[in-house]
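Each chain, written out:
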Protein chains: 2
Amino acid sequence: MKLTILGCYSATPRVLTNPTSQVLEIKNHMFLIDCGEGTQVQLRKHKIKFNRIKHIFISHLHGDHFFGLAGLISTFRLLTRETDLNIYGPKGIKEVITLQMKLADSWTNYKLIFHELESDTSELIFEDDDVEVHTIPLKHRVYTNGFLFKEKEGERKLNINAVKANNINIAYYRKLKQGFDVENENGELIKNSLVTSAPEKPKSYAFCSDTAYKEDIVPIIKDVDVLYHESTFLEKHEKLADPTKHSTAKQAASIAKQANAGTLILGHYSTRYDNLNDFKTEAKTIFKQVRLAKDGKVFNFN
Amino acid sequence: MKLTILGCYSATPRVLTNPTSQVLEIKNHMFLIDCGEGTQVQLRKHKIKFNRIKHIFISHLHGDHFFGLAGLISTFRLLTRETDLNIYGPKGIKEVITLQMKLADSWTNYKLIFHELESDTSELIFEDDDVEVHTIPLKHRVYTNGFLFKEKEGERKLNINAVKANNINIAYYRKLKQGFDVENENGELIKNSLVTSAPEKPKSYAFCSDTAYKEDIVPIIKDVDVLYHESTFLEKHEKLADPTKHSTAKQAASIAKQANAGTLILGHYSTRYDNLNDFKTEAKTIFKQVRLAKDGKVFNFN
């Protein structure tokens, strides 16, 4: 599991900082999460192949999280993309993207599939053999979802020496991987655990931005391996966090602690702060395993 | 008159090139012309004060000419702008910007005034004591206008020594500047030309992008001082220019020649070309005074 931060600042793009966008590589998927203005240039900078992006998740329709989407869709067309593109985001996202295409008398050569979200409870919005994606209803000034990406439990791994020593026919390998006991060539029942080992523990990533402090999300993200939680403000500006429906570093850490997260990544910093280490210091008073998002930073979680 | 090129490439923003946007400083105005994605960052890079921009002219609703507008409007609000903002652009521009604000549950603290264009003939869309702005109907895949910015003739300049030598009362200075003959303190009629000199020749700038070759625009831009005319292609790719409704460098030069322009600036290059000097060389076979737009380049026309 690998996370590339394309942008992690709040409000507006600036010369050296970008609004929210991330790429999550998980089990051969490359998910784009949020798409602030300039995201397509950040993707180019980080040499992320456009064609590998098949699913884009948009948390909410504030500009710093989605003003780069229309341009990205348009660029995909200019580059003669043919691969389907799925877009998950709040109701309204289809109308606004479609209107922009209509006014430009434009279209896509590829299939553009919108999955509009409007539920206030967590729902499963994507699933295949390898991965599930669930929404995390957040509390912001407009309808907003975070996203929980979960690897599925993989198949058990064959211990090929043990399999052969036990004289098991290759036709049974599939069943072994699925965890079944099987009969060998001599008609003996071989216990699965004798010839296989457990798969790697599936990993999970929760993206929570933008949101006020909201304990309701804890059960949804319980035991998540990596939690990205916004921390627009430091505790000393908590009075700003409340009306703007954002969180402080301390509040983010409290959610991480309650959820028993493995690692907390902070981001969505207000541009008023020069020293990001203050966010880390503050969060660490509550929760130990804290890391700071920075534009261009790559986190490998293996 | 000063022109800053924020972006002059076609199609998509890339790591080192930006889509169309320019700032024209003319007679204390700072006009923003087109607003591709990333324009607000380019404005910051070139230290152009956001508050000085009171009028934005959008040629057409293709993304590479206006996908930066919603973000710029939103950033102006975040920076607590109070100055009115006038936006001139094709019909539909108000709907698409308003929809984006509605979905973000956002608004502006300042007055946002849309001037929607739909005429197929040139019209005066802005005028004050110093400047006029006229549309230049272009020929593109969607409804598109260029813009002609014309300084008005200024007042005549007083030759203060001659004025004093002719014993003219200060109450008449205004009339002198306006070109009238006046009576002096001795009751003698003083010819205006004796005590004043002609104002500086008013300057003009025509922005023509995007467009196929269109001779109809020549009378509108006749004798313009500076003409920016798109040259997406070189002549060797003329077959691409026709269906996409773009121009070649040679065609741009032909328009400049017929219009008797002072200087031709080329831009809106297709990203297929590595050597921009080929555009200049080609245009110079038709018209001598050719310059190349480049992102970040500043042209001073004094």
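Preceding this paragraph is the structure being described.
A short tour of the structure in this document, coming up. Because the structure is predicted, anything quoted here is derived from the model rather than measured. (Residues numbered from 1 in each chain as written. Chains lettered and ligands numbered in written order. Predicted model: local features only at pLDDT ≥ 70, side-chain atom pairs only at ≥ 80, totals over all residues. Heavy atoms only, no water.)

1. Looking at unusual backbone geometry
Residues and elements named next belong to chain A.
Move 1: Following S209, the chain continues to D210 via a peptide bond in cis, the omega torsion being 0°.
Move 2: Tracing the backbone through its elements, the reader meets D210 in the loop between strand 14 (204-208) and helix 8 (218-221).
Move 3: You will see that K245, though not glycine, has its phi angle at about 60°, which is positive.
Move 4: Take K245: it is sitting in the loop between helix 9 (238-244) and helix 10 (249-258). (Helix = DSSP H or I, 4+ residues; strand = E, 2+ residues; numbered from the N terminus.)

2. What about the pattern of salt bridges?
Move 1: On inspection of all chains with the given rule, the structure shows 14 salt bridges over all chains.
Move 2: Salt-bridge contacts for A:K157 lead to A:E200; the nearest nitrogen and oxygen are separated by 3.7 Å. With A:K157 in strand 10 (residues 157-158) and A:E200 in the loop between strand 13 (196-197) and strand 14, this residue pair connects regions lying 43 residues apart in the sequence.
Move 3: For A:K157, a relative accessible area of 41% gives the class partly exposed.
Move 4: What makes A:E200 exposed here is its relative accessible area of 57%.
Move 5: One salt bridge connects B:R174 with B:E155, and the closest N-O pair in it is separated by 2.6 Å. Here B:R174 is found in helix 6 (residues 173-177), whereas its partner B:E155 is found in the loop between strand 9 (145-151) and strand 10 (157-158), with 19 residues between them in sequence.
Move 6: Judged by relative accessible area, which is 34%, B:E155 ranks as partly exposed.
Move 7: Counted as one network, the salt bridges with shared partners bring together A:K2, A:E25 and A:R52. (Salt bridge = Lys/Arg side-chain N within 4 Å of Asp/Glu carboxyl O. Buried < 20%, exposed > 50% of the residue type's maximum accessible area, 1.4 Å probe, protein only.)

3. Points about the environment of A:I48
All names here are of chain A.
Move 1: Tracing the backbone shows I48 in the loop between helix 1 (39-45) and strand 4 (53-57).
Move 2: Overall, I48 belongs to the buried group, its relative accessible area being 10%.
Move 3: Sequence separation between I48 and I113 is 65 residues; the distance between their C-alpha atoms is 21 Å.
Move 4: The residues contacting I48, other than those within four sequence positions of it, are T4, L6, V23, M30, L43 and I53. (Contact = heavy atoms within 4.5 Å.)

4. Some remarks on the relation of the copies chain A and chain B
Move 1: With an RMSD of 0.1 Å, the fit of chain A onto chain B corresponds to turning through 180° and sliding 0.0 Å along the axis. The transformation relating the two chain copies, once decomposed into turn and shift, fits a two-fold axis. Among all residues of chain A, the one whose C-alpha sits closest to the rotation axis is A:G38, at a distance of 3.0 Å.
Move 2: Mapped onto chain B, 100% of the interface residues of chain A again fall at the interface, so both copies present the same surface. (Least-squares fit on C-alpha atoms with pLDDT ≥ 70 in both.)

5. Notes on the sheet that holds strand 7 (residues 124-127) of chain A
Pairing between sheet strands relies on hydrogen bonds along the backbone, with the strands arranged either parallel or antiparallel.
Residues and elements named next belong to chain A.
Move 1: Strands sit in the order 7-8-9-14-15-16-17 across an open sheet of seven strands; the sheet is mixed. Here the strands that pair on one side only, and so sit at the sheet edges, are strand 7 and strand 17 (290-292). Strand-to-strand twist in this sheet, taken as the mean axis angle between neighbours without regard to direction, amounts to 20°.
Move 2: Alignment of strand 14 against strand 15 (residues 226-230), held across four bridges, turns out to be parallel. Of the residues in strand 15, the one forming a bridge with A206 is L227. (Pairing = 2+ DSSP bridges. Axes fitted to C-alpha atoms, helices over the stretch in contact; angles between N-to-C directions.)

6. Observations regarding the sheet that holds strand 3 (residues 29-33) of chain A
Residue and element names in this part refer to chain A.
Move 1: Across the sheet, which stays open at both edges, the seven strands sit in the order 6-5-4-3-2-1-18 with mixed pairing between neighbours. Looking at the sheet topology across the chains shown, the edges are occupied by strand 6 (112-117) and strand 18 (298-300). Each strand of the sheet is rotated relative to its neighbour by a mean of 15°, with strand direction disregarded.
Move 2: Pairing of strand 2 (residues 21-26) with strand 3, which is carried by five bridges, proceeds in the antiparallel orientation. By the bridge assignment, I26 is partnered in strand 3 with H29.
Move 3: Of the strands in this sheet, strand 3, strand 4, strand 5 (85-90) and strand 6 touch helix 3 (residues 69-78), which is tilted by about 170° from strand 5.

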